[in-house]
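# Inside the fold
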Amino acid sequence: MEWSFHSAEEIIAALRAGAVTSAELTDEAITRIEGDDKVINAICVPDFDRARAAAHRADQARARGEDRPLLGVPVTVKESYDMAGLPTTWGMPPHRDHMPAEDAVQVSRLKTAGAVVLGKTNVPLGLQDIQSFNEIYGTTVNPWDHGRTPGGSSGGSAAALASGFGALSIGSDLAGSLRTPAHFCGVYAHKPTLGLAAVRGMVPPSEPAFPADPDLAVVGPMARAARDLALLLDVMAGPDPLTYGVAHQSALPPARHERLRDFRVLVVDDHPLIPTGAAVRAGVHRVADALVGGGARVALRSPLLPDLAEAAKLYMELLISGSVARFPIESLEKLRADADDKSLDAVRLDAMLFSHSDWMEADKRREVHRHGWRRLFGEFDAVVCPITPTPAFPHDHHPNPMERHIDIDGVEYPYFDQLVWAGLATMPGLPATAIPAGRSPEGLPVGVQLIGPMFEDRTPLRLAELLEREIGGFQVPGGGVR
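Below you will find a few notes about this structure. Since the model is a prediction, treat every value here as computed from it, not as a measurement. (Residues numbered from 1 in each chain as written. Predicted model: local features only at pLDDT ≥ 70, side-chain atom pairs only at ≥ 80, totals over all residues. Heavy atoms only, no water.)

What follows is about the sheet that holds strand 11 (residues 382–385). The 11 strands are arranged 1-3-2-6-8-7-14-15-11-9-10 in an open sheet whose pairing can be described as mixed. Each edge of the open sheet is held by one strand with a lone partner, namely strand 1 (43–46) and strand 10 (297–299). Across this sheet, the average inter-strand angle for adjacent strands is 30°, counted without regard to direction. The pairing of strand 7 (residues 188–191) with strand 14 (residues 432–439) spans three bridges and is classified as antiparallel. Its bridge partner being in strand 14, K191 is matched across the sheet by A432. Packed on one face of the sheet, helix 7 (residues 226–236) meets strand 6 (168–173), strand 7, strand 8 (218–223) and strand 14 and runs near 145° to strand 8. (Pairing = 2+ DSSP bridges. Helix = DSSP H or I, 4+ residues; strand = E, 2+ residues; numbered from the N terminus. Axes fitted to C-alpha atoms, helices over the stretch in contact; angles between N-to-C directions. Contact = heavy atoms within 4.5 Å.)

Okay, the nonpolar core next. Counting residues in each nonpolar core, the largest one holds 69 residues, and the members touching the most others are L70, Y81, L291, V384 and L463. Considering every element that reaches this core, the biggest residue donor is helix 7, with seven residues. Those residues within four positions of L463 in sequence are excluded, and the remaining contacts are L260, F263, V265, L291, A382 and L450. Within the second largest apolar cluster, 44 residues are counted, among which are A299, I320, W373 and L430. (Core = buried A, V, L, I, M, F, W, Y, C linked by side-chain atoms within 4.5 Å. Buried < 20%, exposed > 50% of the residue type's maximum accessible area, 1.4 Å probe, protein only.)

Because an α-helix completes one turn every 3.6 residues, residues spaced three or four positions apart along the sequence face the same direction. Taking 1.5 Å of rise per residue, the 24 residues of helix 11 (residues 356–379) would be expected to cover 34 Å, and the 36 Å separating its terminal C-alpha atoms lies within 8% of that figure. The set of residues buried in helix 11 consists of A362, R366, H369, R370, G372, W373, L376 and F377. (Expected span 1.5 Å × (residues − 1).)

Right, let's talk about the environment of R439 for a bit. Its place among the elements puts R439 in strand 14. Here R439 falls in the partly exposed class, since its relative accessible area comes to 41%. Measuring from C-alpha to C-alpha, the distance between R439 and V280 comes to 8.9 Å, with 159 residues separating the pair along the chain. A polar contact is formed between the side chain of R439 and the side chain of Q475, at a distance of 2.9 Å. (Polar contact = N/O pair within 3.5 Å; in protein donor to acceptor, adjacent residues only side chain to side chain.)

Before going further, it helps to examine helix 5 (residues 155–162). In terms of burial, helix 5 is a largely internal element, eight of the eight residues being buried. Those residues of helix 5 not exposed but buried are G155, G156, S157, A158, A159, A160, L161 and A162. Just downstream of helix 5 lies G164, where phi reads positive at about 80°.

In this section: the pairing of strand 9 (residues 264–267). Here three bridges tie strand 9 to strand 10, and the two strands are oriented parallel to one another. Note on strand 10: the bridge partner recorded for V265 is V298. Regarding topology, helix 8 (residues 278–293) serves as the crossover connection from strand 9 to the parallel strand 10, and that connection is right-handed. Pairing between strand 9 and strand 11: three bridges, direction parallel. Across the sheet, the residue bridging to V265 is A382, located in strand 11. (Right-handed = clockwise from strand over helix to strand, strands pointing away.)

Take a look at the structure:
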């Protein structure tokens, strides 16, 4: 029996029943990677020898009667996570030989849970793109269409899952970096509530791996099945044991509802600053129809929804000012926007010049939005909306991303404007689950995100499980059988 496209939950059940061994699963995954990854280029740093050794240890542990959450399950890890004995470069050529001495906290949690790490997945330069290519490891392609991107910055992880290279992967999300690749590749991902999962060891190679509470950025799970997201989130969630973990433990509340008909959902498919392409709009409507068919209470508008245009501009200010602080740009004064320019491009340019007081003011405005979301989630349990305006787009490696464009039904828009939907959950720190929602007329995957209340991550995750039953989920690229 072939296991490459089975869910982690199915694999764990088979391991417990003795139907397969971890060594067999690992060899099958490695064989598939060695054959198919020559084209996909998802696994940029293989670790097959140590994976086989870990699988052997997992089988021995199971023979002794041990059972851990992921014991013997083959997984992958985004390249940006520190992993002792493997390079962590973030795709930056000056750091191609950077070799961390310790595992990131999330890699440690994977190993403690018994997972078998096959290797690390590709990323864009500095994790700063919606694609996944760099000078060190080359370009990762979309398994559904090799001329298109798998997304970024967790594009290697999404492409690996869609290709059957391991049952689970861990990534990160600052600008949709979990959700966009999931949407482009037809898999699942969950952006946790800001601060829910410790991020130590997921830092650029130029920085020490100290405990930190980064603004906007989170780490989270990716999978081929909705229930697997909750399984992996349970492994990842929890504060850093060096800081908040000294005194606190995570205790997520249960999902608000267990049945689809009990959910109250707001569906949003229009944004004031960028149109939604027809294929993505159809995906949103497919989910809305499934909700209505399942008896959920669905609304298409609400006065409680925070202003989307203001939210997008505020997100861009926080995102770009933080990125420039981490990766400085020369000659910033030349970038100041025209005072009359009200575009998101102008917002991004001005954000590059933010002072600390500017950032503090933006942070204050963010709290107003957070309170608005609290009020909204008093009336609704989740919000369904796009992740980006289009399915996966063709590779575009123009050296200046500010000069790239995104084609939405034949009309070009600034490349980074497509981030407004990802920012809707990122700016206030809300959890958001990316789910497959069908395919475009060209056969490309289309996903949507389910945004939930802060620290109520189990609510969008449960809704994702229920919708998977109604509209289906992961499909094997090329029409294979799962």
